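Close look at the chain arrangement
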Amino acid sequence: MANTSSITRGSAPADAIGRRNRAQRVRRVAALPVALATLVLTQSAATATATPTPDPVTSILDDLTPHHLVVADGVERTTYSADSSPLVVRVAVIDPDKGAVSVRSTVGAAVGVKEATTRMLDTVGTTVAGKPHVGVNGGYSVAYKDQDADGHGIQEERSIPMVASVQEDVVQGASCTSGQNAVVLQHNRPHFTRITTTLQITSLGPAAGDADDATRTVDGVNRYPGWIPFCRQGTDDRNLPFLKDADGQPVRDAAGKIQYVDEKGRVIKNGTYYEDDGEIVVFTSGYGQRTPYPDHTPFVRADNAEGVEVAVDAEGYVISKTAKRGGTAIPANGMVLQGIGSTQSGDEAGAKWLDDHAKVGTKLVRTQQVTDIGFNTDPADDEDLALDPAHPSVDVVNGTHLLMRDNEVVAPEEGGNEKPDPRTAIGTDASGRTLLVVVTSKTEGERLGVPIHDLAKIMQDLGAVDALNLDGGGSTTFVVDGQVKNVVSDPGGVERPVYDSVYAGRGGHGLPATG
């Protein structure tokens, strides 16, 4: 693979360059259907038309000058900047049709350990020559475990998926009950959709053929039992308490957000959380740490329960069971289940279910399924597609706001995230190329970027057909050949550890686009 570098800079005045680039940057409407229709995941993301139709787009790129660099065959990057602007936009375009390049995600050395994006990408490949060309931070995870006296979050030492993702052939976390926005990376192409997950554990009894047909939903993967971040992942998940005014109505902050409180009565400033005191959570062998103890966070009371903990070997047999949880080493290629709750009715009590159906010697079978439900909200829609999370070609990265869908900007101008924060996005254009984009300040340590809607306009200006917002703020990181190229906004310019990363790796190629 060629690893050539060529920088192209215009010699004309900056305003002339800006006008020329403004004329060249028009919204690219798909002229050719991308060949994702042959893939397992394909609900087509692009709306094809007979001919491209110019449609001028305005974004902050109009006032910035591009500087182009060829990283490798199939990988190019462009830096947009100007002396008059405090912002820098960095873009990587990955085209598997032009080079042996892959588009994947990684959780780094272990699922349960947060790592800086550079360290995470360094786990990909076995030699320096095999490391990724470019990469960015990935989806959302729980960043805080407590609050200090001023209400600011204390950084979490474990890596806790906020919602579902798929890496290392395993569904990490669990989806929102109504589905979640995500990007599916398969055969080196991104596909933007909504997904749901189905996670179960079945007890087959202590001996072969002695099945008791006991099957129970798994509430989460590699997270604390009882503490559910971001959205409901089960029908029994309930909101935390919230502040009420004299009329019993929720108290809201200046942005209109309900003021939820933790079990100590303090207003929670970091995210929306739910709780469920009857869960079963699986910790996989890729977790990378011993299992967590109870009473980890004051956000929810359900996390305080001692519960039951069951260790399962690589063959699926229960090898130990304890009446309290935490500190257990996960067997190689096995798992540990933590259950809380013993008084709920039916199978809702997680600890009781493990007591009844996971005795030492019992064989347990864990099943996992991801379903691509698309964006069609019609209940009669039968176009849902099953994805095989164990297939080596499938990665799923979670996101929040959908930025673009079918060539149109769908990110809200109001009522969304309107703060000018550093941002990270992933998109695809009409030719099936992947766009990795970050927007940050040019000043080290300064937390500055764009609102969500402005990020969507940038993606549109770059020719994206579909695009998704990834984690941002201090997590925003743009890496080229192992080096961070953007300024990071955390104090001291320290790279923030994250949950997962998206990268353009070496080797392999996607299916070519056809017309």
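Residues numbered from 1 in each chain as written. Predicted model: local features only at pLDDT ≥ 70, side-chain atom pairs only at ≥ 80, totals over all residues. Heavy atoms only, no water.

Comments concerning the environment of Ala 329
The condition is simple: Labels follow the DSSP assignment, with helices taken as runs of H or I lasting at least four residues and strands as runs of E lasting at least two, numbered in each case from the N terminus. When accessible area is computed with a 1.4 Å probe and restricted to protein chains, residues below 20% of their type maximum are described as buried, those above 50% as exposed, and intermediate ones as partly exposed. Whether two residues are in contact is decided by their heavy atoms: any pair within 4.5 Å suffices.
On the secondary structure map, Ala 329 appears in the loop between strand 20 (318–322) and strand 21 (335–339). On the basis of relative accessibility, which here comes to 43%, the residue Ala 329 falls in the partly exposed class. In this structure the C-alpha to C-alpha distance between Ala 329 and Tyr 287, which are 42 residues apart in sequence, comes to 9.9 Å. Other than its neighbours up to four places away in sequence, Ala 329 contacts Arg 290 and Val 336.

Some details on the confidence of the model for the chain
Segments scoring low in pLDDT should not have their predicted coordinates read at a detailed level. Quick note on the threshold: A residue's pLDDT is the confidence the predictor assigns to it, expressed on a 0 to 100 scale.
Per-residue confidence for the chain gives a mean pLDDT of 84, with 84% of residues at or over 70. Confidence drops under a pLDDT of 50 for residues 1–50, and excluding neighbours within four residues, the segment shows 114 contacts in the predicted structure.

Here we look at the pattern of salt bridges
The cut-off we apply is this: For salt bridges, the criterion is a side-chain nitrogen of Lys or Arg within 4 Å of an Asp or Glu carboxyl oxygen.
Enumeration according to the criterion identifies 15 salt bridges in this entry. The salt bridge partner of Arg 216 is Asp 219, with a shortest N-O separation of 2.6 Å. Exposure remark for Arg 216: the relative accessible area of 6% places this residue in the buried category. Salt-bridge contacts for Glu 275 lead to Arg 238; the nearest nitrogen and oxygen are separated by 3.9 Å.

With respect to the nonpolar core
So the rule is basically this: Buried Ala, Val, Leu, Ile, Met, Phe, Trp, Tyr and Cys residues that are joined via side-chain atoms within 4.5 Å together make up what is termed a nonpolar core.
The biggest cluster of nonpolar side chains holds 29 residues, and the ones touching the most others in it are Leu 337, Leu 354 and Leu 364. Of all elements in the fold, only strand 11 (180–186), strand 12 (189–203), strand 18 (280–284), strand 19 (308–312), strand 21, helix 3 (350–357), strand 22 (364–372) and strand 24 (394–398) reach the threshold of two or more residues within this core. Residues within four places of Leu 337 in sequence aside, it is in contact with Ile 201, Ile 280, Val 281, Val 282, Val 308, Glu 309, Val 310, Val 312, Leu 354 and Leu 364.

Quick word on the sheet that holds strand 20
Applicable threshold: If DSSP finds at least two bridges between two strands, the strands pair.
Strands sit in the order 14-18-21-19-20 across an open sheet of five strands; the sheet is mixed. At either end of the open sheet lies a strand with only one pairing partner, and these are strand 14 (220–221) and strand 20.

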